[in-house]
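Listed here are the chains, written in short residue letters.
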Amino acid sequence: GVITFEQALQIITKRASVMTQAAKDNPGRMMVLIQPKIKFIEELILKLNLGGNRNSRSQISLSGRTENMAEAEEAVKKGNLAARIIPLETEGGLHSECMLQATKEMQKFLKGMFFADPKPGLTIIGNTAAQFITTGEQAKTETSEHISKMVQWQKTMEKMREAWVKYCLEVGNGKVLTDFGQG
């Protein structure tokens, strides 16, 4: 492994704490777009400095400051840029600029923590850039930056297919990520 089980628990606890505080200090929200018109949505993301998750070809979640998200929702409706808009009940604008404070706090927290290089045979793909992580330092950087950057889930799954990954194990409640990986 890259980190110990004890380190993982410390990281999870700290991540939850700093994200909760960032959500209070920088209000934001999220919404899912079903069957989005990708080209136009990408322009909207740049224009309004939005984040979120590129889940699949048929689904993108947008995230950002409350006022930017209101403008995005209005533009999507007015331009008929998605078949459906689903507001998400989240603590805030996750994976967006709303979480920059949390990223900075995680960077401070992780600074003194040792991350080992991945062992041979252990493939790690960071989902902010959908690139292989080959060093402990890259894993540490991804751990903090993931909080405030857009998640590239679809590209991550494509990278896994390129790498001939045959099996994926989703840990948690449900199979949402597995379903995204099918499409």
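Residues numbered from 1 in each chain as written. Predicted model: local features only at pLDDT ≥ 70, side-chain atom pairs only at ≥ 80, totals over all residues. Heavy atoms only, no water.

**Focus on the pattern of salt bridges**
Next up, step 1: On inspection of all chains with the given rule, the structure shows nine salt bridges.
Next up, step 2: Where Arg54 meets Glu42, a salt bridge forms, and the shortest distance between an N and an O atom there is 3.0 Å. One end of the pair, Arg54, is in strand β2 (residues 51–56); the other, Glu42, is in helix α2 (residues 38–48), with 12 residues separating them in the sequence.
Next up, step 3: Take Glu42: its relative accessible area is 35%, and that puts it in the partly exposed class.
Next up, step 4: Note that Lys108 and Glu105 form a salt bridge whose closest N and O atoms lie 3.3 Å from each other. Remark: Glu105 and Lys108 occur in helix α4 (residues 100–110); sequence separation between them is three residues, near one turn of the helix.
Next up, step 5: Residue classification places Glu105 among the partly exposed positions, given a relative accessible area of 31%.
Next up, step 6: Sharing partners across several salt bridges, the network here consists of Arg29, Glu73 and Lys77. (Salt bridge = Lys/Arg side-chain N within 4 Å of Asp/Glu carboxyl O. Helix = DSSP H or I, 4+ residues; strand = E, 2+ residues; numbered from the N terminus. Buried < 20%, exposed > 50% of the residue type's maximum accessible area, 1.4 Å probe, protein only.)

**Topic: the pairing of β2**
Next up, step 1: The buried fraction of β2 is high, at six of six residues.
Next up, step 2: In textbook terms, the turn of a hairpin is the stretch between consecutive antiparallel strands, and for β2 and strand β3 (residues 59–65) this stretch comprises two residues. (Pairing = 2+ DSSP bridges.)

**Structural notes on the layout of surface pockets**
Next up, step 1: By volume, the second largest pocket amounts to about 160 Å³.
Next up, step 2: For the second largest pocket, the full set of lining residues is Arg15, Met19, Met30, Asn53, Thr90, Leu94, His95, His146 and Val151.
Next up, step 3: Class assignment for the residues of the lining of the second largest pocket results in four nonpolar, four polar and one charged. (1 Å grid on protein atoms, 1.4 Å probe; cavity = no way out; pocket = protein on both sides within 12 Å on 5 of 7 lines; lining within 4 Å. Points joined across faces, edges and corners; volume = space filled by probe spheres on them. Nonpolar A, V, L, I, M, F, W, Y, C, P; charged D, E, K, R; others polar.)

**Topic: the pairing of β3**
Next up, step 1: The buried fraction of β3 amounts to six of the seven residues, a majority that puts the element mostly inside the structure.
Next up, step 2: In terms of strand pairing, strand β1 (residues 28–34) meets β3 through seven bridges, oriented antiparallel. Bridging across to β3, Arg29 finds its partner in Gly64.

**Quick word on the sheet that holds β2**
Next up, step 1: The four strands are arranged β2-β3-β1-β4 in an open sheet whose pairing can be described as antiparallel. On the outer flanks of this sheet lie β2 and β4 (84–88), each paired with one strand and no other. The average undirected angle you get between the axes of adjacent strands in this sheet is 20°.
Next up, step 2: Relative to β3, β2 runs antiparallel, the two sharing five bridges. Within β3, the residue paired with Ser56 across the bridge is Gln59.
Next up, step 3: Running over the sheet, α2 touches β1, β2 and β3 and is turned about 15° from β3. (Axes fitted to C-alpha atoms, helices over the stretch in contact; angles between N-to-C directions. Contact = heavy atoms within 4.5 Å.)

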